[in-house]
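Analysis of the macromolecular model
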Amino acid sequence: MSEAARPDRSADATPPKPPMRDSLVAAAFRLFLERGYEQTTVDDIVALAGVGRRSFFRYFPSKEDVVFPDHERCLAEMTAFLGDGDDAADPVARVCDAARLVLGMYAENPTFSVQRYRLTRQVPGLRAYELSVVWRYERALAEYLRGRFAGRPDGTLRADVVAAAVVAAHNNGLRSWLRSDGQEDAGAAVDHALAHVRLVFAPDPPAAPAPAAGDTEEDVVVVVSRRGAPMWRVVQEIETALGRTSD
């Protein structure tokens, strides 16, 4: 048969089936939404997905893990990203960029992310599981920062505080986006929150601007007061020294 006479079967082609892992996640969330998380069993999930129990546990150690299918991959990517960083770069900026990788995971599938957010709000066990996942991200950030701050005064303390601040800022922006049902700009919300971290923990905060020409210098007053004097008396002495009277 010639090419010209060969029938075109492209329109009849069956779309490829999703990978088994994706099929299990889709089946699980369909049942969670229809029946509730607690009422859905692993047997229910594999029956809907058309696979056996062994296939489920090959991908997910527990039912909780199917709710958070991409965190292991994202954690590995974030750790690799931190390891590939330039030692001369600002470490605070680096961990902020690492947090944006986690945001990207959520933003890839807004519908799924919003469904999961609602589900974790309803099931205390999933909320506890989610907190353990968040802690692993924070630990990865802190370990990177400890290496960068090694030898500095309070280096370990600074690393732990910055890591906690980055995670808190990221989660603040992320939850704002999730509460909007994924309608707002996720990147803008997280960038706004992370900007606060950069402002506080930047290695070289911007210097205060010099006074403009013609500006008068502020008065500096030193007041010696009796120990235990009430605060109103101290204020009164300062006002007197400045030549002012209180209303």
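Topic: the overall build of the chain
A count of helical and extended segments in the chain gives 11 helices and zero strands. Reading the secondary structure of the chain in the N-to-C direction produces α-α-α-α-α-α-α-α-α-α-α. A buried classification covers 34% of the 247 residues belonging to the chain. Across the chain, contacts joining residues at least 24 apart in sequence account for 64% of those joining residues at least 6 apart. As displayed, the chain has an accessible area near 15800 Å², and 53% of this comes from carbon and sulfur atoms.

Examining the packing of helix 1 (residues 20-35) against helix 2 (residues 42-49)
Where helix 1 meets helix 2, the axes come as close as 9 Å, and the angle between the chain directions of the two elements is 120°. Here helix 2 runs oblique to helix 1, going by the angle between their axes. Like other packed secondary-structure pairs, helix 1 and helix 2 cross with a definite hand, here right-handed. Here helix 1 contributes Ser23, Leu24, Ala27, Ala28, Arg30, Leu31, Phe32 and Arg35 to the contact with helix 2, which in turn contributes Asp44, Ile45, Val46, Leu48 and Ala49. Of the residues assigned to the contact of helix 1 with helix 2, the class counts are nine nonpolar, one polar and three charged.

Examining unusual backbone geometry
Although it is not a glycine, Asp154 adopts a positive phi angle of roughly 55°. Backbone geometry places Asp181, a non-glycine residue, at a positive phi of 60°. Take Asp181: it is sitting in the loop between helix 9 (155-179) and helix 10 (186-201). For Asp181, a relative accessible area of 40% corresponds to the partly exposed category.

Let's talk about helix 9
Here helix 9 is 25 residues long and its end C-alpha atoms lie 36 Å apart, about the 36 Å a rise of 1.5 Å per residue gives. Positioned one or two residues after helix 9, Asp181 has a phi angle of 60°, which is positive.

Structural notes on the packing of helix 8 (residues 124-148) against helix 9
Close contact between helix 8 and helix 9 brings their axes to 8 Å; oriented N to C, the two are set at 135°. Compared by their axis directions, helix 8 and helix 9 come out oblique. Helix 9 is crossed by helix 8, and the crossing has right-handed handedness. Contacts between helix 8 and helix 9 involve Arg127, Val134, Glu138, Leu141, Ala142, Leu145 and Arg146 from the former and Thr156, Ala159, Asp160, Val162, Ala163, Ala164, Val166, Val167, Asn171 and Arg175 from the latter. Here the residues of the contact of helix 8 with helix 9 are counted per class, giving 10 nonpolar, two polar and five charged.

Description of the pattern of salt bridges
Under the definition given, this model contains 14 salt bridges. For Arg30, the salt bridge is made with Glu34, and the minimal N-O distance between the two is 3.3 Å. Linking Arg30 with Glu34, this pair stays in helix 1, spanning four residues, or about one helical turn. One salt bridge in this structure joins Arg146 and Asp160, with 2.9 Å as the shortest N-O distance. On the criterion of sequence distance, the pair formed by Arg146 in helix 8 and Asp160 in helix 9 is long-range, its members being 14 residues apart. With relative accessibility at 40%, the residue Arg146 sits in the partly exposed group. Taken together, the shared-partner salt bridges in this structure form one network comprising Arg73, Glu77 and Glu108.

Rules used in this analysis
Residues numbered from 1 in each chain as written. Predicted model: local features only at pLDDT ≥ 70, side-chain atom pairs only at ≥ 80, totals over all residues. Heavy atoms only, no water. Helix = DSSP H or I, 4+ residues; strand = E, 2+ residues; numbered from the N terminus. Buried < 20%, exposed > 50% of the residue type's maximum accessible area, 1.4 Å probe, protein only. Contact = heavy atoms within 4.5 Å. Areas by Shrake-Rupley, 256 points an atom, 1.4 Å probe, with all protein chains shown as cover. Axes fitted to C-alpha atoms, helices over the stretch in contact; angles between N-to-C directions. Parallel < 35°, antiparallel > 145°, perpendicular 65-115°, else oblique. Left-handed = near helix turned anticlockwise from the far one by under 90°. Nonpolar A, V, L, I, M, F, W, Y, C, P; charged D, E, K, R; others polar. Expected span 1.5 Å × (residues − 1). Salt bridge = Lys/Arg side-chain N within 4 Å of Asp/Glu carboxyl O.

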